[in-house]
Amino acid sequence: MRHKEVIGHIHAHFESSCHDLFAGLNCSLAPLSESSHDFEHAPIACIDAGSNEIELNIGLELPMEVLALTYPVPNIIDVDEESLEDWISELSNQLIGRLKAKLLKHDLQIDLGLPTSYFGAELDNLILADQNRLSLFFDLDGESCAFHVGIEIFQEDIGFRLKKTRMTA
């Protein structure tokens, strides 16, 4: 399949993976057309994945309030910053895992890297801002969140198969 088509499919799977991740945390994301939130103090978690055909970089910008809200320990009031740093890295790991599962259904195998978290970093220094980057903004319980995926494809045509639909009589 041509690389521009693949990018469109990956963008759609990425958005679906974002929703799936937070649905699994009993939270729902409401899309925002663009963020009015200042992410200057929000931590960023990045993780990469790739193969000989493709490289993906994912970034999550989640305010500390969202991290505390979604933290997996019930009835905890005060979560220390180190735990929240681990949690945002875990969320990025879960997000890339969901995306990987969706891509496997299209015969696109990727190997996952390790998540890294940053405070006070510029997103453009972590994920290239070009035509292959998709940035999604969502509202989660009154807080703005941002999810980014950067895609680099090394060949014009790559092994990405669309699922065949079954015909019923």
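Just above sits the structure.
Cut-offs used in this document
- Residues numbered from 1 in each chain as written.
- Predicted model: local features only at pLDDT ≥ 70, side-chain atom pairs only at ≥ 80, totals over all residues.
- Heavy atoms only, no water.
- Helix = DSSP H or I, 4+ residues; strand = E, 2+ residues; numbered from the N terminus.
- Rg over C-alpha atoms; globule rule 2.2 N^0.38 Å.
- Buried < 20%, exposed > 50% of the residue type's maximum accessible area, 1.4 Å probe, protein only.
- Contact = heavy atoms within 4.5 Å.
- Areas by Shrake-Rupley, 256 points an atom, 1.4 Å probe, with all protein chains shown as cover.
- Lys, Arg positive; Asp, Glu negative; His and termini not counted.
- Charge placed at Lys NZ, Arg CZ, Asp CG, Glu CD.
- Axes fitted to C-alpha atoms, helices over the stretch in contact; angles between N-to-C directions.
- Parallel < 35°, antiparallel > 145°, perpendicular 65-115°, else oblique.
- Left-handed = near helix turned anticlockwise from the far one by under 90°.
- Nonpolar A, V, L, I, M, F, W, Y, C, P; charged D, E, K, R; others polar.

## What about the overall build of the chain?
- Each helix and strand counted, the chain has three helices and seven strands in total.
- Across the chain, helices and strands are ordered from the amino to the carboxyl terminus as α-β-β-β-α-α-β-β-β-β.
- Taken over the C-alpha trace, the chain has a radius of gyration of 17 Å; the compact-globule value for 169 residues is 15 Å, and the two agree within 12%.
- Referenced to the eigenvectors of the C-alpha coordinate spread, the extents of the chain come out at roughly 55 × 45 × 30 Å.
- Counting every position in the chain, which comprises 169 residues, the buried fraction comes to 43%.
- Of the contacts made within the chain by residues no fewer than 6 positions apart, 75% connect residues no fewer than 24 positions apart.
- By element, 46% of the accessible surface of the chain is carried by carbon and sulfur atoms, the whole surface being about 9400 Å².
- Side-chain charges of the chain comprise 11 positive and 29 negative groups, with the mean position of each set lying 19 Å from the other.

## Observations concerning the packing of helix 1 (residues 3-23) against helix 3 (residues 81-104)
- Between helix 1 and helix 3, the least distance of the axes is 9 Å, while the angle of their chain directions is 130°. Classified by the interaxial angle, the pair formed by helix 1 and helix 3 is oblique. For the crossing formed where helix 1 meets helix 3, the hand is right-handed. Of the residues in helix 3, those in contact with Ile-10, His-13, Phe-14, Ser-16, Ser-17, Cys-18, Asp-20 and Leu-21 of helix 1 are Leu-91, Gln-94, Leu-95, Arg-98, Leu-99, Lys-102 and Leu-103.
- Looking at the contact of helix 1 with helix 3 residue by residue, the class counts come to eight nonpolar, four polar and three charged.

## Examining unusual backbone geometry
- Positive phi outside glycine occurs at Asp-107, with the angle close to 60°.
- You can see Asp-107 is positioned in the loop between helix 3 and strand 4 (111-112).
- Residue classification places Asp-107 among the exposed positions, given a relative accessible area of 55%.
- A positive phi angle, near 55°, is found at Asp-141, a position not held by glycine.
- Along the chain, Asp-141 turns up in the loop between strand 6 (133-140) and strand 7 (143-153).

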